[in-house]
Number of protein chains: 2
Amino acid sequence: MLDERSKSVLLAVIQCHINSPEPVGSRAVTKKYPFGLSPATIRNIMSDLEEMGFLAQPHTSAGRVPTDLGYRYYVDTLKDNNPLINNELVSELNNKLEVIRQDINTVLDEASRMLSSLSHYIGISVSPNEATSTLSKIELIKYRENQLAVIMFTDEGIIKNKVIAIDPELSQSNLNRIAEYINAQHAGHTVEEIKEKVINDLSQDRLRCDDLISQAVRICRDVFSSSPGNVYVSGLSEVLQLPDFCDIDKIKELLRAIEDKHIILRLLDQVSDAAGTQIFIGSENPLEEMKKLSMVVSTYREGSRPIGAIAIIGPTRMNYQQAITIVASTANYITDMLSNK
Amino acid sequence: MLDERSKSVLLAVIQCHINSPEPVGSRAVTKKYPFGLSPATIRNIMSDLEEMGFLAQPHTSAGRVPTDLGYRYYVDTLKDNNPLINNELVSELNNKLEVIRQDINTVLDEASRMLSSLSHYIGISVSPNEATSTLSKIELIKYRENQLAVIMFTDEGIIKNKVIAIDPELSQSNLNRIAEYINAQHAGHTVEEIKEKVINDLSQDRLRCDDLISQAVRICRDVFSSSPGNVYVSGLSEVLQLPDFCDIDKIKELLRAIEDKHIILRLLDQVSDAAGTQIFIGSENPLEEMKKLSMVVSTYREGSRPIGAIAIIGPTRMNYQQAITIVASTANYITDMLSNK
DNA sequence: TATTAGCACTCGATGATGGAGAGTGCTAAA
DNA sequence: TTTAGCACTCTCCATCATCGAGTGCTAATA
């Protein structure tokens with residue numbers, strides 16, 4: 001569909017445009033990529049590419065800019081031709097993340113910072129969906145007169161603590177018995193399942209008999225109540241240095257897109273069913289606020305099940321090659337870390 | 001030093017300017033505040049106020065804008081005349097924060113969001129300095145083959161978990177003994193003190209004898225290693241709606257000021273020795289990046305000792321009255337919450 | 001037939017020009 | 001002491017001309 005020469009020109013235009021935000025003209029192409037063709041010929045080719053929808057002109061007397069379709073073509077050739085994992089980068093990543101063998105949320109926080117500092121775009125990570133996480137263990141610790149600290153561990157590496165009010169009479173030893181009971185009953189099940197079970201239990205009368213068990217169920221209700229996942233965002237200041245965000249409205253649009261953690265959570269939840277690295281270019285984004293941005297997103301997995309996602313968000317004029325490498329490597333690293341339990 | 005009439009005019013100008021960012025002219029003052037004086041007279045007074053340094057002119061044919069000194073005067077009169085705690089607001093705050101009886105970091109996170117949503121400026125909170133916090137209790141939980149989750153509780157309400165690598169041979173019952181030992185040895189001391197003690201212990205040979213104790217000391221070394229406090233910032237998008245941040249450079253400056261959590265941490269650490277609510281207007285700020293912003297900051301306390309700070313940051317043209325109320329009330333609320341252990 | 005040189009044309013960016021309007025300071029009258 | 005009146009200043013905005021980068025088209029060329 002695209003002859004070799006047109007393809008080279010398209011890629012050249014895209015390369016130029018990734019390097020600098022101005023529209024690229026025919027002369028610029030001949031200078032940087034000596035095809036042995038004159039500007040006039042390049043112009044003809046570019047005109048064809050425009051007709052096919054790969055390039056666009058901001059106005060008649062300007063150079064050309066790749067369209068989302070153009071970038072899509074470019075990204076697809078990238079995928080075909082290049083090993084997407086850059087070993088140098090991977091080892092750098094490993095070095096940086098190695099030190100953080102903490103619970104998954106700490107790792108994700110650090111990962112978002114790393115994504116942005118390596119790419120100079122915005123780095124985002126979201127924690128595993130709590131509802132579908134598998135309870136591995138729970139600990140109940142009385143730490144104030146009428147307050148209980150619940151520490152929840154999941155197979156996905158979540159360590160979460162939550163404070164809930166309790167009857168001051170309840171002793172630590174009874175709490176231990178309750179914890180034992182909960183662990184025996186619920187470990188190995190997802191939070192969702194446990195929640196359902198508890199709602200069921202609460203509606204049954206037999207609870208009234210055993211006070212400890214009824215306390216246990218009540219504690220479960222409070223602990224396993226749904227709470228949204230965490231979203232870690234970094235690199236806002238990095239990205240504002242880019243010439244792409246030179247005007248105030250673009251900045252506001254960007255902020256609208258990333259300020260609301262709920263939106264991001266839902267967005268990345270949506271894509272995290274598919275495995276591997278996905279790329280959304282401009283208008284391909286499902287989110288209205290992001291139709292002028294691009295997102296490279298990858299899931300990290302526990303075993304083979306995707307449990308969360310990390311992403312880089314930048315201008316459509318982003319360095320996809322690099323972004324893909326960074327996101328894919330980081331996701332793999334997190335996955336590996338989770339499997340080395 | 002300032003006669004009653006000049007004072008009224010100054011306050012009128014400030015009020016006008018807080019309501020809208022444009023320089024205020026003499027006619028605008030007479031319209032909104034009918035002193036029974038003509039614009040010409042107001043002009044004379046404003047000219048005097050300018051000479052005294054309370055007002056400034058962006059250019060000769062513009063209206064006047066309060067200087068930092070002008071705002072300082074205004075804020076000082078506020079303090080003298082008004083009850084700074086607005087009961088309505090306090091009860092609203094209570095309602096919103098009541099639900100979050102979690103560890104202090106969760107509360108602070110929520111508090112920063114509340115500060116910004118109530119004030120429409122930037123809300124910031126910093127967690128207590130860990131080093132000077134008093135260990136209340138520690139729990140050691142083996143949760144993976146060679147990993148240990150340490151849950152640390154402090155008197156200041158910090159609940160912190162940290163994962164550290166351990167010898168896979170170490171059993172939970174031995175961990176319990178180690179935890180008991182650590183609690184017996186160190187509870188009631190500050191993290192700083194414990195750290196010192198541990199360094200001391202590590203240099204002594206007697207450790208070699210008792211393997212459990214030496215494990216305990218090593219765990220302490222890892223757990224009580226200094227880690228920076230948390231900083232919670234919200235309201236960036238709120239504040240970008242303000243006409244004050246209409247140009248790109250101001251936004252970048254603002255971001256520079258708040259992006260680096262370390263800077264904020266140090267800044268609020270500095271001010272958190274003084275009790276009560278402090279106000280830094282424009283150039284009064286110790287931080288270079290904030291010389292064009294204002295900050296209203298207050299400390300929350302454990303007992304009578306200030307342990308952390310919360311703040312509102314906005315343009316110098318901020319609604320100080322409201323900001324002071326919000327910050328002071330929130331700080332009080334957090335303090336109260338900490339004392340109801 | 002494909003390529004290229006040449007050229008007219010288009011359109012944004014830049015800078016100068018010239019009111020319009022808001023606000024001032026000054027002067028003189030009340 | 002206050003105020004009306006007025007000249008003055010300076011920003012803002014629209015208009016206009018110029019410049020230059022880049023294009024599309026045509027005709028010449030390999």
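Being a predicted model, the structure only gives us computed values, none of them experimental.

### Focus: the interface of chain A and chain B
- The interface of chain A with chain B comprises 35 residues on the first partner and 35 residues on the second.
- Both faces considered, chain A and chain B share a buried interface measuring about 3100 Å² in area, 57% of it formed by carbon and sulfur atoms.
- Its largest share of buried area at the contact with chain B, chain A owes to Tyr143(A), Arg144(A) and Asn161(A), together 18% of the area lost on that side.
- Taken together, the links from chain A to chain B amount to zero salt bridges.
- Inspection of the region where chain A meets chain B yields eight residue pairs in polar contact (both at pLDDT 80 or more).
- Among the elements of the structure, strand 4 (135-144), strand 5 (147-154), strand 6 (159-165), helix 10 (236-240) and helix 11 (248-259) of chain A are those that each provide at least two residues to the side of chain A that touches chain B.
- Residue classes in the side of chain A that touches chain B are distributed as 14 nonpolar, seven polar and 14 charged.

### Brief notes about the relation of the copies chain A and chain B
- When chain A is fitted to chain B, the best match, at an RMSD of 0.1 Å, comes from turning it 180° and sliding it 0.0 Å along the axis. Taken together, the rotation and translation describe the operation of a two-fold axis. In terms of C-alpha distance to the rotation axis, chain A has Ile248(A) as its closest residue, with the C-alpha 3.0 Å off the axis.
- Comparing contact sets, 100% of the residues at the interface of chain A also lie at the interface in chain B, consistent with an isologous, same-surface contact.

### Side note on the packing of aromatic side chains
- Under the defined criterion, the tally for this structure stands at eight aromatic pairs over all chains.
- With a centroid separation of 6.5 Å and 20° between ring planes, the pair formed by Tyr33(B) and Phe35(B) is classed as stacked.

### As for the protein's contact with DNA strand D
- The immediate surroundings of DNA strand D are formed by 20 residues, with Arg64(A), Arg5(B), Thr41(B), Thr60(B) and Ser61(B) found nearest.
- Across the atoms of DNA strand D situated within 4 Å of the protein, the share located in sugar and phosphate is 77%.
- Thr60(B) has a polar side-chain atom sitting 3.2 Å from a sugar or linking oxygen of DNA strand D.
- Among the elements of the structure, helix 3 (39-51) of chain A together with helix 3 (39-52) of chain B are those that each provide at least two residues to the surface near DNA strand D.
- Take the surface near DNA strand D: its biggest share by element is three residues, from helix 3 of chain B.

### Re the sheet that holds strand 3 (residues 122-126) of chain A
Residue and element names in this part refer to chain A.
- The sheet built from five strands is open, its strands ordered 7-3-10-9-8 with antiparallel pairing. In this open sheet, the two strands that pair with only one neighbour each are strand 7 (231-234) and strand 8 (277-281). Shown here is a sheet whose adjacent strand axes are inclined to one another by a mean of 15°, direction ignored.
- Pairing of strand 3 with strand 10 (residues 305-315) involves five bridges; the strand directions are antiparallel. Bridge pairing in strand 10 links Ser125 to Ile310.
- Helix 6 (residues 104-119) contacts strand 3, strand 7, strand 9 (293-302) and strand 10 of the sheet and is inclined by roughly 160° relative to strand 3.

Rules and cut-offs
Going along each chain's sequence as written, the residues are numbered from 1 onward. Each chain is given a letter, starting from A, and each ligand a number, starting from 1, according to the order in which they appear as written. With the structure being a predicted model, the display of local features is reserved for residues of pLDDT at least 70 and the display and counting of side-chain atom pairs for 80 or more, all residues being used for whole-chain, interface and lining totals. The side-chain quantities take in all heavy atoms of the structure and omit both hydrogens and water. Here, two residues are considered to be in contact whenever any of their heavy atoms come within 4.5 Å of each other. By convention, the term buried area covers the 1.4 Å-probe accessible surface removed from two parts as they join, with the contributions of both added. In what follows, salt bridge is the name for a side-chain nitrogen of Lys or Arg lying within 4 Å of a carboxyl oxygen of Asp or Glu. We define a polar contact as two N or O atoms separated by no more than 3.5 Å, with the added condition that, inside protein, one atom must be a possible hydrogen donor and the other a possible acceptor, whereas residues neighbouring each other in sequence contribute only through side-chain atom pairs. Every helix listed is a DSSP run of H or I at least four residues long, and every strand listed is a run of E at least two residues long, numbered separately from the N terminus. In this count, Pro and Cys sit with the nonpolar residues alongside Ala, Val, Leu, Ile, Met, Phe, Trp and Tyr, while Asp, Glu, Lys and Arg are called charged and the others, Gly among them, polar. The fit set for superposing copies consists of C-alpha atoms from residues with pLDDT of at least 70 in both; the fit itself is least squares. To pair, rings of Phe, Tyr and Trp, with the six-membered ring standing in for Trp, must have centres within 6.5 Å; the planes then decide the type, stacked if under 30 degrees apart, edge-to-face if over 60, and tilted in the middle. Each residue is tested against the molecule or strand, and it is near if at least one of its non-hydrogen atoms lies within 4 Å. In this scheme, strands are said to pair when DSSP sees at least two bridges between them. Helix axes are fitted to C-alpha atoms over the stretch in contact, other axes to C-alpha atoms as well, and angles between N-to-C directions run from 0 to 180 degrees.

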